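Summary of structural features
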Amino acid sequence: MIRKFYSQKALAASFVTAMAMVALEVSTWIAIFSFVMLFWKWGVENLNWKPLSRKVTGALSILLLVQTLIQFRTLIGQEPSYTFLLALSALRIMDYETERDHKFVVLLGFVLISVKSLFTLDIYWIFPSALAFGGLWYSLLPSGLPARSKALLKIFVLSIPLAVILFFVFPRFVLPWAMSRGGSPYGEIGFTDEINPGRVAELAANPAVAFRAKISDLPLKKSSDLYWRGSVLTSSRGLSWRPGRPILQTHEERKTEKEYTYEVAMEPTSQTFLFVLDGTKNVQLESNTVLPLHQSIFRASRPISKPSVYRAIWAEAGINKEFPDEEFLKAPPVQGRVSEWVENIKKKNLSEEDRLKEIQKLFAESGFVYTLSPGIYGPNDLEKFLFERKRGFCEHFAGAYATLARSLGIPSRVVVGYQGGRYNPLGDFWKIAQKDAHAWVEVYTNKTWNRIDPTMWVAPLRIIIGAEEFFGLSEEDQRAFARSIDWRPPAKEQFLLWDEVSFWVEDLNYRWTYFLIDFDKSSQQSLWKSFTEYKAGLSFALSIVLVLFVFIFRSLFKQKGLLTEEQVLMHAVEAWAQNQNFPRELSEPPLSFLERLKKEFPQDKDILSRIAHFYDQKIYARMSPEEDAKKLLQFWRANHR
Amino acid sequence: MNQKFHELISEASKVVLDKNVEIRLAITCLLAGGNLLIEDLPGVGKTTLVQVLGKLLGLKTRRIQFTIDLLPADVIGGQVFHPQEHKFVFHEGPLFSQLVMADELNRASPRTQSALLQAMEEGEVSVDGNTWALPRPFYVIATQNPHQQMGTFPLPESQLDRFLMSLELHHASKETEVRILQGEDPRHLLQNVKALFSENEISEALLQVQKVQVSQTVANYIADLLEKSRRAGFEGTPLSTRAGMALVKAAKAWAFMEGRNYVRPEDVQQILVPVLGHRLGGNHGIKRGREWAGALQKSTPVPV
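In this text, all values refer to a predicted model and were calculated from it rather than measured experimentally.

Conventions and cut-offs
Numbering of residues starts from 1 in each chain and follows the order in which that chain's sequence is written. Lettering for chains starts from A, numbering for ligands starts from 1, and both go in the order in which the items are written. pLDDT decides what is reported in this predicted model: residues at 70 or higher carry local features, side-chain atom pairs at 80 or more are listed and counted, and totals for whole chains, interfaces and linings draw on all residues regardless. Only hydrogens and water are removed before side-chain values are computed, so all heavy atoms of the structure are retained for them. Segments assigned H or I by DSSP are reported as helices when at least four residues long, segments assigned E as strands when at least two residues long, and all are numbered from the N terminus. Here the term buried applies to any residue with accessible area under 20% of the maximum for its type, exposed to any over 50%, and partly exposed to those in between, with areas from a 1.4 Å probe on protein chains only. Any two residues having at least one pair of non-hydrogen atoms within 4.5 Å are treated as being in contact. For the area figures, the Shrake-Rupley method with a 1.4 Å probe applies, and any residue is considered shielded solely by the protein chains shown. In this description, strands pair whenever DSSP reports at least two bridges between them. Each of two parts loses accessible area, computed with a 1.4 Å probe, when they are put together; buried area is these two losses added. Only one rule defines a salt bridge in this text: a Lys or Arg side-chain nitrogen within 4 Å of an Asp or Glu carboxyl oxygen. What qualifies as a polar contact is a pair of N or O atoms within 3.5 Å, subject to a donor-acceptor requirement within protein and to the restriction that residues adjacent in sequence count only when both atoms come from side chains. Think of it this way: a Phe, Tyr or Trp ring, Trp meaning its six-membered ring, pairs with another when their centres are within 6.5 Å, and the plane angle makes it stacked under 30 degrees, edge-to-face over 60, tilted otherwise. To sit over a ring, a charge needs its Lys NZ or Arg CZ within 6 Å of the ring centre and within 35 degrees of the ring normal. pLDDT measures the predictor's confidence residue by residue and takes values from 0 up to 100. To define axes, lines are fitted to C-alpha atoms, for helices over the stretch in contact only, and angles between the resulting N-to-C directions are given on a 0 to 180 degree scale. Residue count minus one, scaled by 1.5 Å, sets the expected span of a helix. Here the arc refers to the directions that run from the helix axis out to each C-beta atom. Patches were defined on residues exceeding 30% relative accessible area and lacking a salt bridge, with like-charge contacts within 9 Å and nonpolar side-chain contacts (Val, Leu, Ile, Met, Phe, Trp, Tyr) within 5 Å. Throughout, the term roughly parallel applies to angles under 35 degrees, roughly antiparallel to angles over 145, roughly perpendicular to angles from 65 to 115, and oblique to all others. Should the near helix be turned counterclockwise from the far one by less than a right angle, the crossing is left-handed, whereas a clockwise turn marks it as right-handed. Residue polarity follows a fixed list, in which Ala, Val, Leu, Ile, Met, Phe, Trp, Tyr, Cys and Pro are nonpolar, Asp, Glu, Lys and Arg are charged, and the others, Gly among them, are polar.

This part takes up the overall build of chain A. A count of helical and extended segments in chain A gives 23 helices and 17 strands. In chain A, which comprises 641 residues, the proportion classed as buried is 44%. In chain A, 71% of the contacts between residues at least 6 apart in sequence involve partners at least 24 apart. When the accessible surface of chain A is summed, it comes to about 33,900 Å², and 60% of that surface belongs to carbon and sulfur atoms.

On to the overall build of chain B, then. Of the regular secondary structure elements, chain B holds twelve helices and nine strands. Counting the 304 residues in chain B, one finds 52% classified as buried. Residue pairs at least 24 apart in sequence account for 77% of intrachain contacts in chain B once pairs closer than 6 positions are excluded. As presented, chain B carries roughly 14,200 Å² of accessible surface, and 50% of it is formed by carbon and sulfur atoms.

Our next topic: the pairing of strand E2 (residues 227-236) of chain A. All names here are of chain A. With nine of its ten residues buried, E2 lies for the most part within the structure. Pairing geometry for E2 and strand E13 (residues 412-419), over six bridges, is antiparallel. Along E13, the bridge assignment pairs Leu233 with Val414. Alignment of E2 against strand E3 (residues 241-243), held across three bridges, turns out to be antiparallel. Looking at the pairing, Ser235 lines up with Arg242 of E3.

For the rest of this paragraph, the subject is the interface of chain B and chain A. Buried accessible area, meaning the area lost when the parts come together, often serves as the stated size of an interface. The interface of chain B with chain A comprises 18 residues on the first partner and 19 residues on the second. Summing the contributions of chain B and of chain A, the shared interface buries around 1,500 Å²; its carbon and sulfur component is 53%. At the junction of chain B with chain A, the criterion picks out one salt bridge. Across the salt bridge formed by Arg264 of chain B and Asp616 of chain A, the nearest N and O atoms sit 2.4 Å from each other. Run the count over chain B and chain A and you get ten residue pairs in polar contact (both at pLDDT 80 or more).

The next point concerns the side chain of Thr83 of chain A. Looking at the secondary structure, you find Thr83 of chain A in helix H4 (residues 78-95). Non-local contacts of Thr83 of chain A, meaning those with residues more than four positions away in its chain, are made with Val26, Trp29, Ile30, Thr68 and Phe72 of chain A.

All names here are of chain A. Summed over the entire model, instances satisfying the criterion amount to 32 aromatic pairs over all chains. Judged by centre distance (5.7 Å) and plane angle (50°), the rings of Tyr260 and Trp314 are tilted. Separated by 54 residues along the polypeptide, Tyr260 in strand E4 (residues 259-266) and Trp314 in strand E10 (residues 308-315) bring together distant segments of the chain. Take Tyr260: its relative accessible area is 13%, and that puts it in the buried class. Classification of Trp314 by relative accessible area gives buried; the value is 5%. Arranged with centres 6.1 Å apart and planes meeting at 70°, the rings of Phe363 and Phe397 form a pair that is edge-to-face. Pair noted here: Phe363 is in helix H10 (residues 352-365) and Phe397 is in helix H12 (residues 394-407), with a separation of 34 residues, a long-range link. Judged by relative accessible area, which is 0%, Phe363 ranks as buried. With a relative accessible area of 0%, Phe397 lands in the buried category. Taken together, the ring pairs connect Phe211, Trp228, Tyr262, Phe273, Phe275 and Tyr418 into an aromatic cluster. Lying over the aromatic face of Trp125, Lys116 brings its terminal NZ or CZ to 4.0 Å of the ring centre.

Here strand E3 (residues 77-82) of chain B runs beside strand E4 (residues 87-92) of chain B; their pairing, made up of six bridges, is antiparallel. Each residue of the ladder has a partner; that of Gly78 of chain B, found in E4 of chain B, is His91 of chain B.

All names here are of chain B. On average, residues of chain B score 85 in pLDDT, and 98% of them are at 70 or above. At the low end of the mean pLDDT range in chain B sits helix H6 (residues 157-160), at 80; at the high end sits helix H10 (residues 241-257), at 92. Across the interfaces of the predicted complex, the ipTM metric reaches 0.85, alongside a pTM of 0.49.

Moving on to the sheet that holds strand E5 (residues 99-103) of chain B. Residues and elements named next belong to chain B. Read from one edge of the open sheet, five strands run E2-E5-E8-E1-E9, paired in parallel fashion. Two strands in the sheet have a free side with no partner beyond their single neighbour: strand E2 (61-65) and strand E9 (163-167). Averaged over neighbouring strand pairs, the angle between their axes works out to 20° when direction is ignored. Taken together, the four bridges between strand E1 (residues 35-39) and E9 define a ladder with parallel strand orientation. Bridge pairing in E9 links Leu37 to Ser166. In this fold helix H3 (residues 46-57) packs onto E1, E2, E5 and strand E8 (139-144), with an angle of close to 175° to the strand it touches most, E5.

All names here are of chain A. Over its 19 residues, helix H3 (residues 54-72) runs 27 Å from end to end, which matches the ideal 27 Å to within 8%, given 1.5 Å per residue. Within H3, the full set of buried residues consists of Thr57, Ser61, Leu64, Thr68 and Phe72. Down the axis of H3, the smallest arc covering the buried residues is 60°, so these residues share one side. Turned more than 90 degrees off the buried face of H3, the exposed positions are Lys55, Ile62, Leu63 and Ile70. Lining the buried residues of H3 we find helix H2 (28-46) and H4. Remark: Arg73 follows H3 within two positions and exhibits a positive phi of approximately 65°.

Most of the time, phi is negative for any residue but glycine, and the peptide bond is trans. Phi at Lys447 of chain A is positive, roughly 65°, even though this residue is not glycine. Note on placement: Lys447 of chain A falls in the loop between strand E16 (437-445) and strand E17 (448-452). Of note, Glu104 of chain B is a non-glycine position whose phi angle comes to about 50°, a positive value. Inspection of the secondary structure assignment puts Glu104 of chain B in the loop between E5 and helix H5 (110-122). Judged by its relative accessible area of 17%, Glu104 of chain B is buried.

The next thing to look at is a nonpolar patch on the surface. All names here are of chain A. A cluster of nonpolar side chains, contributed by Phe39, Trp42, Leu47 and Trp49, occupies part of the molecular surface with about 400 Å² of accessible area. Note that Leu47 resides in the loop between H2 and H3. By relative accessible area, Leu47 is classed as partly exposed at 44%.

Before going further, it helps to examine the sheet that holds E4 of chain A. Residue and element names in this part refer to chain A. Within the open sheet, the six strands sit side by side as E7-E10-E4-E1-E15-E14. Their pairing is antiparallel. Both edges of this open sheet fall to strand E7 (280-285) and strand E14 (422-424), since each of them pairs with a single strand only. Averaged over neighbouring strand pairs, the angle between their axes works out to 25° when direction is ignored.

Moving on: the packing of H10 of chain B against helix H11 (residues 265-281) of chain B. Residue and element names in this part refer to chain B. Packing of H10 against H11 leaves a shortest axis separation of 9 Å and a crossing angle of 140°. Taken together, the axis directions place H10 and H11 in an arrangement best described as oblique. Considering how the two elements wind past one another, H10 and H11 form a crossing that is right-handed. Contacts between H10 and H11 involve Ala243, Ala246, Leu247, Ala250, Ala251, Trp254 and Ala255 on the former and, on the latter, Asp267, Val268, Gln270, Ile271, Leu272, Val275, Leu276 and Arg279. Class assignment of the residues belonging to the contact of H10 with H11 gives a composition of twelve nonpolar, one polar and two charged.

Printed below as a string of structure tokens:
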């Protein structure tokens with residue numbers, strides 16, 4: 001019997017969905033190829049186009065394998081496997097004709113979905129994946145089944161206990177290639193601790209989530225207070241800065257009145273940066289050692305290759321007080337109008353505070369423009385930036401500010417990291433995206449390092465409303481609003497429905513990622529440990545869960561529990577006959593069936609007659625037979641296994 | 001008791017050759033108290049069958065040949081004026097007998113057809129405001145030509161429903177035909193056939209048939225059959241509850257013939273096609289209906 005792909009709507013819809021999800025990850029040519037194949041198949045089935053023969057599709061699949069091998073030099077890894085799988089799927093659809101093809105296509109669909117979820121664990125993909133998965137299962141069920149959806153539901157419910165057991169008990173393997181996220185040759189723009197002009201601006205175009213933080217215990221409530229330090233840059237080349245050599249911090253015990261804890265859930269970066277708030281004293285990361293460095297920054301000992309959660313301890317008085325050495329005054333010699341300006345200030349012999357105010361004046365009053373596209377600057381184009389173009393991004397302001405401060409003899413350094421974030425009132429956490437990347441300055445005055453954000457004078461709105469809202473404005477609006485500090489973000493009641501929905505999904509995704517996906521070996525072990533600790537309560541809870549499951553099962557498969565003895569007896573005989581390749585046809589009455597069995601198996605004539613007689617008496621004649629069902633069953637089972 | 005009916009079958013099959021199954025089904029139908037519809041071409045032994053059954057059962061048998069100009073009064077009878085007594089006297093028509101053979105029923109006009117069918121349903125006839133009871137037991141065995149034939153008025157579905165069973169009489173086998181062609185005509189035996197039953201015996205048998213038990217499992221099976229016929233995708237006319245009751249009646253009679261006082265699913269399957277054939281077929285004809293009935297039986301699981 002020839003089967004048509006597109007006339008099986010559930011199958012076609014699910015498979016095309018699965019292919020579309022994977023097609024997003026591969027190069028355009030292969031995506032286009034696949035969908036041309038899909039369309040062609042549609043034409044073949046509906047418009048009588050000429051199909052490709054199996055020979056051609058076979059040759060094509062070998063060609064594609066070769067092409068993939070040439071392009072990537074391997075089949076292992078994200079993109080090559082996606083590419084080949086997608087091409088193969090499209091060709092199999094072209095071949096789709098028989099029952100066997102159907103099974104193969106369904107299998108391919110499952111592989112497509114699982115490959116996608118191996119690499120992308122976001123909950124957004126769970127919805128289409130689940131739909132496609134259900135559809136594929138649906139198409140596997142025989143079409144003659146009257147209640148296919150109900151059967152599907154039964155299968156799903158049956159699978160739950162097994163899935164739960166596997167989730168909690170099954171040992172976890174870490175597949176090295178499954179975890180190589182961001183391993184594509186181009187890579188995503190991520191955080192680096194070097195600011196060349198334009199580096200942070202690149203990040204600002206990326207809406208991907210960097211990390212999420214729960215800081216509800218802290219007295220910091222406004223996004224403008226949240227400066228997430230990632231790295232400190234100490235060596236200046238004018239506009240661009242570089243980090244110094246990392247030095248391990250010697251252990252020092254500082255007494256503070258009150259300590260607070262907050263949690264950060266980081267997306268994998270393949271790097272070691274840990275982002276912490278000003279005043280963080282200590283950081284603990286599960287499954288990875290944390291190295292506390294000089295200047296209150298923290299690094300993981302190994303690159304963060306999977307979503308990880310770290311806990312940090314924060315104290316209000318925990319501002320960094322390390323004494324700055326000579327290094328913090330080194331600045332490249334300033335030239336031209338910059339050196340004129342510096343000499344001018346130096347002559348005035350001002351106090352530290354007033355010198356800083358002079359720099360502030362320069363930034364606040366000479367008409368700087370905060371923009372993502374400031375044009376290209378060289379590493380030491382300080383003069384061009386400060387006095388000619390006056391267009392820049394946070395990194396330009398921070399770099400220029402710190403260089404000027406050093407030229408005026410004030411120890412200073414540039415800090416890079418993230419600023420602000422978007423608060424999710426539903427999940428009570430802050431979401432910090434890549435576009436929140438920021439650079440600011442710390443200067444050493446009054447024997448402490450103090451934070452100064454030059455961007456605040458140029459575009460206060462960026463800090464107050466956060467990067468997400470700010471870059472959502474048009475460039476004119478950005479310029480017009482940039483200096484008006486009165487602008488307020490909308491109050492909670494004014495959130496649009498869309499905001500609510502996005503918060504909700506964001507919250508769900510957060511929980512999904514950090515409590516389900518990352519339930520790894522160590523989480524399993526700690527769960528089992530906690531099991532042994534709370535024996536009494538636990539066994540109670542477990543037994544309740546068990547009883548609940550029994551109830552659900554019984555309600556779903558009721559008829560099983562209500563079989564009469566005669567039916568059990570008859571089922572036993574039927575099951576045995578089935579094993580002997582002698583099944584009862586559904587429309588065959590039980591007694592005729594037994595009669596047929598008697599002819600086929602003369603050695604069992606006696607017991608079969610007894611069963612037939614018993615059944616006839618009990619079921620049809622409604623008399624109480626002289627035989628006992630249990631004894632008959634025992635007798636039957638003793639001889640027929 | 002049922003032994004005597006088996007005797008009847010063997011007696012009848014001496015006269016009507018090669019029709020054992022049909023004879024048995026016809027007797028089952030009569031035992032169930034139902035009327036019988038026989039559809040087949042002329043010349044396959046319909047009339048002989050009815051005559052021999054009537055004789056063996058000891059029933060008063062009449063044959064009415066239906067034609068297009070037959071009027072209801074020709075069947076029922078009518079008031080005739082007696083000049084001596086100065087009053088109208090009812091003259092009974094051929095319907096007033098115990099076994100009526102309505103030959104080629106579908107050649108009559110619908111008006112005449114319905115007069116007969118009403119008599120079958122109610123067991124009495126009304127003429128000019130007077131009601132006359134028909135004798136008991138009262139059976140109608142109607143024959144009809146396949147409905148594609150010229151000059152027929154097909155029976156509407158509601159009237160087909162009044163027949164408990166429909167039968168097809170096939171052509172005799174070649175051997176039998178050779179014997180008949182050589183001059184051996186068993187029909188002359190008809191003269192010598194003697195009644196096997198008294199009227200009391202028949203009503204006693206009818207009573208016993210009614211007492212046959214139907215267990216819940218069997219009732220479930222019949223209900224499953226009805227339900228299956230109403231599902232989307234099934235081609236035949238959906239079955240009514242009355243069709244289910246007909247199945248029960250006929251199955252009871254079959255079980256009685258088997259010498260049992262309870263029904264098995266096997267009994268239901270034996271009478272399923274004759275009982276359901278004309279009901280499922282509707283205006284597609286009995287032949288198609290019988291095919292659908294077979295399919296219905298094949299696709300309905302027997303509950304265990």
